[in-house]
Every structure is written in C-alpha cells, then in structure tokens.
Amino acid sequence: MTDLALSDSLLAASTHPDPAFPRFHPRPAQGWINDPNGVSFIDGRYHVFFQYNPLSARHHQIQWGHVSSPDLVRWEEHPVALVPQAGGPDSAGCWTGVVTSDGGVPTAAYSGVQDHGGHSQVVIARGSSDLVTWEQDGHVAASMPADPLVTAVRDPFIFHFNGARYAMQGAGLADGRAALLLYTVESLDDWKYQGIWLTTANPVAAEHTPAEIWECPQLVEVPVASGGSTWVMMFSLWLSGDDHEHANGVGHLIGSLSADPETGLPVFAPVSGGKSDLGRDFYAPQIVQLSYGSSASALLFGWANEGPGRDGRRGRTQEEIDDAGWSGVLTYPRVLSVVDGALAVAPAPEIGAYRGASVVSGASGSVVVPGFAEVLVSGSGTVSLELGAGSQVVYAGDLVAGEELRIFIDASLVEVYRSGSVATTVRAYPAPGESWTLTLPDGATAEVWELALPR
C-alpha cells in the first residue's frame, strides 16, 4: 500500500542531527506541524494526518501531512495528502478536519480558507483505498452560516447518534461567546445547518471550557470504569492574541446525549468537566471513535508545540526554531476513560513496545534518567523531574498511595501520565551535557527503562 522508497518515520528520526528532535513520535524530519487531522482506523491501519508546512518551520500555507501504522508503534511517512488549490475554496490553506469512510470511500471533510480573512468552508476530498492519494475538486459541503451572530467557524467533526450521522463545527459569536454549530449529514456532500448547538452561556461550559472560539471540537463516547459509557466533548480554547501560546489550553465536558422529543436532534447536556491536559504545551487534540455502545473506545492524538520557556524552563526562540528547520510534535496516542466522574487519560498500551533495557530498578531518592526513557514511579508524595543542575523544574506533582506516575522523555518532549487523571505535556530542551534528574519522596521507588525501537 505504500511507496517503499519512503523511509520509516521513526528510523529517520533516530538519525536526526538535532538532539532535541523526538525519536519515538512520528513526524517528518523537517517543516512545521500542528493539529492532528483525519485520525482514523481503516482496514486494519491507523492513519494520522496533520497540519503541515514542509517548506519551513513556520505556520504558513498549510497542507495535510500523513503517517500511518498497523500497530501505533511502527510508522510510515506518506506523501502530502491535501494541498491548497489555486483559486479553490482552500487556496489559503487546508485546515483542520476529519477522515471518515463514506460507503467504503475514504473521505476528508476539512476547513478550507480562501483568503486570510479567516472565513472557512467545509471542503470535501476523496481518497484512494489506502488513503495515500487524494482527489481535490473543491467541493464545498457547508459554507459560513448566514446568521450575523456567527463571526468565525472552523474545524468540522463528524459523530453518530441513534443511527444517524451528524457534524459540528467550532465557532465564535459576535457577543464574545464560544459556540458549537450543529449539522445533519445525510450526504457528506451537503451538510444541513441546524443552528447554534451549545455556547459558553451554559454554566458548566463557562466554568470548564472558557474561550472566545471553541476550536477542534470533539464528541465521543468513552467507557466508564464502573461500567457502561458516557459522552465526552473536548475543545481547544482559543483566545484572541493566542498566537500558538494557547493560555487556556484544552478543556472537556462530560455529559449525556439524548434526542430532542420534538425534532429528534441530539441534545448534549454537560454535567462536569475540566482540563484535558495539565501542561501548557498541548493543543488541538483529535479523537477517533473506535466503537460505539457498551464497548466504546476512544483514541486521542494531540499537538505539542515549540515555544518560549515558561516557569523557569528554557524554550526555543523563533531564530533557533528556524535554524533547526522543524517545529511541532504529535503526542503518543492516548486512551480515554471516565473514572469516578472525571476524565482519565493513559498512553495506548501499544506504547509499551518502546520499552527497552532496564537501567534503574527500585531506585529511591535522586535518580539520573536518560534523555530517551520511560519511568514508572510508585509511592506517595511530591515527585519532580529536573533538567540540568536543578535550574529547570520540568514537572512536579503529588502522588498518593496506590497511584502510579508514568513519565516518557523523548528528547525535548515529556509526557506524564498519572493513573486516574489527565496527562501533562511539557517541552524542555537539554543543553549539551545536561542530564535529567528525578527526585523522589521518602518511600517512593522508580523503575527506569531506555526507549528503543522494537525489532
């Protein structure tokens, strides 16, 4: 299904000249990436597309890059999937969207922007059976609503409920509220606008997902630890002036989905919510629904951006990013569940295949950790991860008895998973000769393994 001349994405990363380049997260060797798009599982293969500028490490003239994997571990890089079409509805960029199977035909639905004013339309493209080649004819399935209250629209997402197909888009309103727009989608070629579906006027949404525009909206059914399933809605929380800093990060709502007794349209009723990641370097996740009903399963990929240092950590300047020639990383795939009424995020079990040789066993106190490592901490108290001679605290958090903390370090990307909670995504850049140090509270222990590509 693939061009054998294309190198394996992770093998190429292992020889990258930049020591800050992650080796165990798939991305092209050069260029800018941001939002994961079109996350899908079709014919036994996972596909992840992403916002991509192959020509520089800056956010400009966005295309769709593409990697795929049979197992979430071994990734192949494919040719660019979608490119802006001169004179078309996406001439200023092929922005965030989804990939679905439409009668067996892989189909992308994405935000096309024709000028840099920001007004987007839902554009449709059809793919080959292996999702490697795409036909872009500029077909528009939904334009900006005529409602003058709606001032910004972006990022279509498709979901199913009661046997019907629906879609939603994130939006901003003239009165400053963030909103969701609802569509019925009997045909992917013609979306029927049903109106404003949810806004930050809802008190639960206002508390947990404050924003001026809800970007990258997601709605999936996830398993509940005690049994059954529930619905989780997730947003990236855009504020004016963010410029890839995204101070509000990503938030989610947990609630029910029911049918309106008069119209039959779905109604989402949020009951709780929270932050979807506790780090500032995480944005624009996309979730793929792998099944429905009692066996619901949901898999998430996010984007970890580059940027200036925060909270005593060094970052990278734009000049340093330009010199490196690359920007942005996709997170590990993450599995979602709800535990005791709260969202829990764990690395996909397949990531265990990267666990290599044991380098530390049963350690306590202060532990030196390799620059490509998996760490498992048990115990209680405050755990901290520092870079260099105590000058950069990259992570610090409390662990209670019975919990585990699982930390992955992949060059400049750190992902921390605490059992029963959401993850923390952090970027940090080791200087030559600097090492990572894990400090454990009394009674806590750590196991450390090097990361390695599976044979």
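Going by the structure above, here's the rest.
A brief report on the enclosed structure follows. From a predicted model like this one, the values you see are computed outputs, not experimental measurements.

1. What to know about the side chain of Ser 276
Part 1: Tracing the backbone through its elements, the reader meets Ser 276 in the loop between strand 16 (266–275) and strand 17 (283–291).
Part 2: Of note is the side chain of Ser 276, whose polar atom sits 2.9 Å from the side chain of His 252.
Part 3: Setting aside residues up to four positions removed in sequence, Ser 276 forms contacts with Met 234, Val 250, Gly 251, His 252, Val 422 and Ala 423.

2. Some thoughts on empty space enclosed by the protein
Part 1: By the definition in use, this model includes two cavities of 30 Å³ or more.
Part 2: Of the residues contributing to the lining of the second largest cavity, the split by class is five nonpolar, one polar and one charged.

3. What about the nonpolar core?
Part 1: Grouped together as the largest cluster of nonpolar side chains are 88 residues, with contacts concentrated most on Phe 159, Trp 191, Trp 197 and Leu 219.
Part 2: With seven residues, the top contributor of residues to this core is strand 11 (residues 178–187).
Part 3: Once you skip the residues sitting within four places of it in the chain, Trp 197 turns out to touch Phe 159, Met 168, Leu 180, Leu 181, Leu 182, Leu 219, Met 233, Leu 257, Pro 266, Val 267 and Phe 268.
Part 4: Core analysis: the second largest hydrophobic core is formed by 26 residues, Ala 373, Ile 409, Val 416 and Ala 446 among them.

4. Some thoughts on the environment of Asn 305
Part 1: Its place among the elements puts Asn 305 in the loop between strand 18 (297–304) and helix 3 (318–324).
Part 2: We classify Asn 305 as buried; its relative accessible area is 2%.
Part 3: Spatially, the C-alpha atom of Asn 305 lies 8.5 Å from that of Ile 33, the residues being 272 residues apart in sequence.

5. Focus on the packing of aromatic side chains
Part 1: Applying the stated criterion across every chain yields a total of 20 aromatic pairs.
Part 2: Between Phe 24 and Tyr 354, the ring centres sit 5.5 Å apart and the planes meet at 65°, which makes this aromatic pair edge-to-face. One end of the pair, Phe 24, is in the loop between helix 1 (9–13) and strand 1 (31–42); the other, Tyr 354, is in the loop between strand 22 (342–347) and strand 23 (355–363), and 330 residues separate them in sequence. Take Phe 24 and Tyr 354: they sit in the same class, and that class is buried.
Part 3: Pairing Trp 214 with Phe 235 gives two aromatic rings, centres 4.1 Å apart and planes at 10°, and the pair type is stacked. Of the two residues, Trp 214 is situated in strand 13 (residues 213–223) and Phe 235 in strand 14 (residues 229–238); the sequence distance between them amounts to 21 residues. Like Trp 214, the residue Phe 235 is buried in the burial classification.

Here is what the cut-offs are and how they apply
- Residues numbered from 1 in each chain as written.
- Predicted model: local features only at pLDDT ≥ 70, side-chain atom pairs only at ≥ 80, totals over all residues.
- Heavy atoms only, no water.
- Helix = DSSP H or I, 4+ residues; strand = E, 2+ residues; numbered from the N terminus.
- Polar contact = N/O pair within 3.5 Å; in protein donor to acceptor, adjacent residues only side chain to side chain.
- Contact = heavy atoms within 4.5 Å.
- 1 Å grid on protein atoms, 1.4 Å probe; cavity = no way out; pocket = protein on both sides within 12 Å on 5 of 7 lines; lining within 4 Å.
- Points joined across faces, edges and corners; volume = space filled by probe spheres on them.
- Nonpolar A, V, L, I, M, F, W, Y, C, P; charged D, E, K, R; others polar.
- Core = buried A, V, L, I, M, F, W, Y, C linked by side-chain atoms within 4.5 Å.
- Buried < 20%, exposed > 50% of the residue type's maximum accessible area, 1.4 Å probe, protein only.
- Phe/Tyr/Trp six-rings, centres within 6.5 Å; stacked < 30°, edge-to-face > 60°.

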